[in-house]
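Report on the structure
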Amino acid sequence: MHIEEMYRAFGISSGVAELGREAEAALRERFDSIDRMAEYNQLKVLKALKDNRVSEADFVRTTGYGYDDGGRDNLERVYASVFKGADALVRAQLISGTHAISTALFANLRPGDELLSPCGKPYDTLDSIIGLNDAAGSLKEYGITYRQVDLKEDYSFDYEGIRAALNDRTRLVEIQRSRGYDLRPTFSVDKIGELIAFIRSVRPDVKVMVDNCYGEFVEDREPLEVGADIIVGSLIKNPGGGLAPIGGYIAGDAKMVEKCAYRLTAPGLGKEIGANLGVNKDLFQGLFLAPQVVAGAEKGAIFAAYLFEKQGFAVSPKYQEERHDIIQAVTFGKPEGLRAFCEGIQSAAPVDAFVKPVPSDMPGYDSQVIMAAGNFISGASIELSADGPMREPYTVYFQGGLTWYHARIGILTALQKVIDSGI
Ligand SMILES: *Cc1c(COP(=O)(O)O)cnc(C)c1O
């Protein structure tokens, strides 16, 4: 086997291939513990599939109203089992993570209520949902107010600020697990549990929703197990395992999930309708693969953290740090580095590898953004993908990789391009 020759044919020098070997050797123990986590989560998913007697009949395509869609209903039972909820809504008709979050917020808030974010400004796409930018159709338009308590300077929770912000109108608290595209750390499930316990000690009746995007299967527990009422996520991220072609999920308290179903379809209809359109097999199989896919993505993130840190770039999280999602940030300080990184990821993609990413304007951003994504599923960020705004400090955020081997090759290609750029 001439693997080094193959690397050279792929444009990766023997020096960079060697750096990869060194990194892998140094990270051996870390990778072993990720494998054990994947093994645990594989057992968890398998048990849910078995306990719910999943069979080929669950893969039948339904159309139209989708009454009596047994496969869809069983998929929802499986999600409820995996995430330890009383019920779940798992639908192709939940278009994205943002749509699932929006559905959950509108479903569980009423005029006069207040939404509280106790960990600073949430993910960018929530600005319009909340009405921070006066978008049409926002919660604000419906008389639902919003309050936020920023993290302290050391990124810890401002418990006294949260105590003061919780008031008679606070109905729902939204906790974002992952950093998203922010420089704050991602919260562990334990940390989220501590925060929820505090909130309950002040206001036992307030509901807690966790934006679980990018966090699924990174740990052995999920936020419903530490007191969250509902969790929400995207199927083109972790739990779709790369196979889900579309979809979102909401899991947790049965009453709250039911309200989400009424909001998604219509009052009176709820979970009873919504054809699966033939995606069921992929949603089941994607969930089955998800623990391994997440493990591969996490290894890729740590591998990149190690390599780029050794090259003198600021990385977050650092390779030794514990991590609670699959996102990795690398800061280049110069536009050439960000460009070269994205070019490398793109040129090692399974789809559109011939395309060269160029920075362009994006709605909602004040600077141009460069993105690399050569995906089987459009926009799926469980696949190896990278992006960053073309402004100081020129930080790339990247995530995913359907296999560890692909993540490894993509990251080495990116490293090669960054080294070649001479920054
Ligand atoms: C991805 C993500 C979302 C939702 O994004 P979509 O692109 O709409 O799926 C929400 N919150 C966080 C933290 C995310 O990472």
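Residues numbered from 1 in each chain as written. Predicted model: local features only at pLDDT ≥ 70, side-chain atom pairs only at ≥ 80, totals over all residues. Heavy atoms only, no water.

1. Describing the site of the ligand
Here is the rule we go by: A cutoff of 4 Å decides nearness: a residue is near a molecule or strand if any of its heavy atoms lies inside that distance of it. N or O atoms within 3.5 Å of each other form a polar contact, as long as, within protein, one can give a hydrogen and the other can take it, and as long as residues adjacent in sequence are counted only when both atoms are side-chain atoms. Every accessible area reported is derived by Shrake-Rupley at a probe size of 1.4 Å, with residue values counting cover from the shown protein chains alone. Only DSSP runs of H or I reaching four residues or more are called helices, and only runs of E reaching two or more are called strands; each is numbered from the N terminus. Here the term charged refers only to Asp, Glu, Lys and Arg, the term nonpolar to Ala, Val, Leu, Ile, Met, Phe, Trp, Tyr, Cys and Pro, and the term polar to all other amino acids, Gly among them.
Close contacts around the ligand come from Ser96, Gly97, Thr98, Ile101, Tyr123, Gln176, Asp211, Cys213, Tyr214, Ser234 and Lys237, and that covers them all. Contacts to the ligand include Thr98, whose side-chain N or O atom sits 2.5 Å from an oxygen atom. Contacts to the ligand include Asp211, whose side-chain N or O atom sits 2.6 Å from a nitrogen atom. For the ligand, the protein covers 88% of the area, taking 370 Å² as the surface of the free molecule. The leading source of residues in the shell around the ligand is helix H5 (residues 97-108), at three residues. Among the residues forming the shell around the ligand, the class breakdown is four nonpolar, five polar and two charged.

2. A closer look at the packing of helix H2 (residues 14-26) against helix H12 (residues 404-420)
Angle between the axes and distance between the axes: these two values describe a pair of packed helices. The line we're drawing: In this analysis an axis means a line fitted to C-alpha atoms, helices contributing only their contacting stretch, and an angle means the value between N-to-C directions, from 0 to 180 degrees. Should an angle lie under 35 degrees it is considered roughly parallel, over 145 roughly antiparallel, and from 65 to 115 roughly perpendicular; all remaining angles are considered oblique. By convention the crossing between two helices is left-handed if the near helix lies anticlockwise of the far one by an angle smaller than a right angle, and right-handed if it lies clockwise. For this analysis, residues touch if any pair of their heavy atoms sits within 4.5 Å.
Viewed as axis vectors pointing N to C, H2 and H12 meet at an angle of 130°, and their least axial separation amounts to 10 Å. Classified by the interaxial angle, the pair formed by H2 and H12 is oblique. The crossing of H2 and H12 is right-handed. Two secondary-structure elements touch here, H2 through Val16, Leu19, Gly20, Arg21 and Glu24 and H12 through Trp404, Arg408, Leu412, Leu415, Gln416 and Ile419. Tallied by class, residues from the contact of H2 with H12 come to six nonpolar, two polar and three charged.

3. Side note on the side chain of Glu24
You can see Glu24 is positioned in helix H2. Side-chain polar atoms of Glu24 contact the side chain of Arg408, separated by 2.6 Å. Filtering out sequence-adjacent residues up to four positions away, Glu24 remains in contact with Phe31, Phe303, Trp404 and Arg408.

4. Describing the packing of aromatic side chains
The criterion, for reference: Only Phe, Tyr and Trp rings are paired, with Trp represented by its six-membered ring, and only when their centres lie within 6.5 Å; those with planes under 30 degrees apart are stacked, over 60 edge-to-face, the remainder tilted. Type-normalised accessible area, obtained with a 1.4 Å probe on protein chains alone, sets the label of each residue: buried when under 20%, exposed when over 50%, and partly exposed for intermediate values.
Scanning the model with the defined rule gives 19 aromatic pairs in all. Seen in terms of ring centroids, Tyr79 and Tyr249 are 5.5 Å apart; in terms of plane orientation they differ by 45°. Their pairing is tilted. Separated by 170 residues along the polypeptide, Tyr79 in helix H4 (residues 70-83) and Tyr249 in strand E7 (residues 248-252) bring together distant segments of the chain. Here Tyr79 and Tyr249 have matching classes, each one buried. Connected via pairs of aromatic rings, a cluster forms that spans Phe308, Phe313, Phe332, Phe341 and Phe398.

5. Points about the domain arrangement of the protein chain
Reports of interface size often rely on the accessible area that becomes lost once the parts have come together. In plain terms, the rule: Start and end points for every domain follow an automatic or database-based domain assignment. Accessible surface is computed with a 1.4 Å probe, and the buried area is the amount of it that two parts give up when combined, taken over both parts together.
When its domains are assigned, the protein chain resolves into domain 1 (3-42 + 288-421) and domain 2 (60-279). Summarising the inter-unit geometry, the C-alpha centres of domain 1 and domain 2 are found 28 Å apart. Between domain 1 and domain 2 lies a buried interface of about 2300 Å² when both sides are counted; carbon and sulfur atoms form 63% of it. Considering only the surface of domain 1 that becomes buried against domain 2, His324, Ile377 and Tyr397 emerge as the three largest contributors, covering 25% of it. Connecting domain 1 to domain 2 are nine residue pairs in polar contact (both at pLDDT 80 or more). Elements with a minimum of two residues in the side of domain 1 that touches domain 2: helix H3 (28-51), helix H10 (280-310) and strand E12 (395-399).

6. Notes on the state of the cysteines
Under the convention used in this document: Any two cysteine sulfur atoms within 2.5 Å of one another count as a disulfide.
As enumerated under the stated definition, the model contains zero disulfides in all. Free of any disulfide, Cys213 has its nearest cysteine sulfur in Cys119, 14 Å distant. There is no disulfide at Cys260, and the cysteine sulfur nearest it, in Cys213, is 14 Å away.

7. Regarding the confidence of the model for the protein chain
Convention followed: A residue's pLDDT is the predictor's confidence in that residue, given on a scale from 0 to 100.
Mean pLDDT over the protein chain: 97, with 100% of residues reaching 70 or higher. Put simply, helix H1 (residues 3-9) is where the protein chain has its lowest mean pLDDT, 93, and E7 is where it has its highest, 99.

8. Quick notes on a positive patch on the surface
Which entries qualify depends on this criterion: Grouping into patches uses exposed residues only, defined as over 30% relative accessible area, and leaves out salt-bridged ones; the cut-off is 9 Å for like charges and 5 Å for nonpolar side chains (Val, Leu, Ile, Met, Phe, Trp, Tyr). Put simply, a salt bridge is a Lys or Arg side-chain nitrogen that is within 4 Å of an Asp or Glu carboxyl oxygen. Asp and Glu are treated as the negative residues and Lys and Arg as the positive ones, with His and the ends of the chain left uncounted. Just so you know, the charge point we use is NZ for Lys, CZ for Arg, CG for Asp and CD for Glu.
Together, Arg110, Lys207, Lys255, Lys259 and Arg263 make up a region of like positive charge exposed at the surface. If one sorts the elements of the positive patch by residue count, helix H9 (residues 254-264) sits on top with three residues. Within the fold, Lys255 resides in helix H9.

9. Details of the pattern of salt bridges
Enumeration over the complete set of coordinates arrives at 23 salt bridges. Across the pair Asp205 and Arg203 runs a salt bridge whose closest N-O atoms are separated by 2.9 Å. You can call Arg203 buried: its relative accessible area is 13%. In this structure, Lys281 and Asp282 form a salt bridge, with 3.2 Å as the shortest nitrogen-oxygen distance. The exposure class assigned to Asp282 is partly exposed, which follows from its relative accessible area of 25%.

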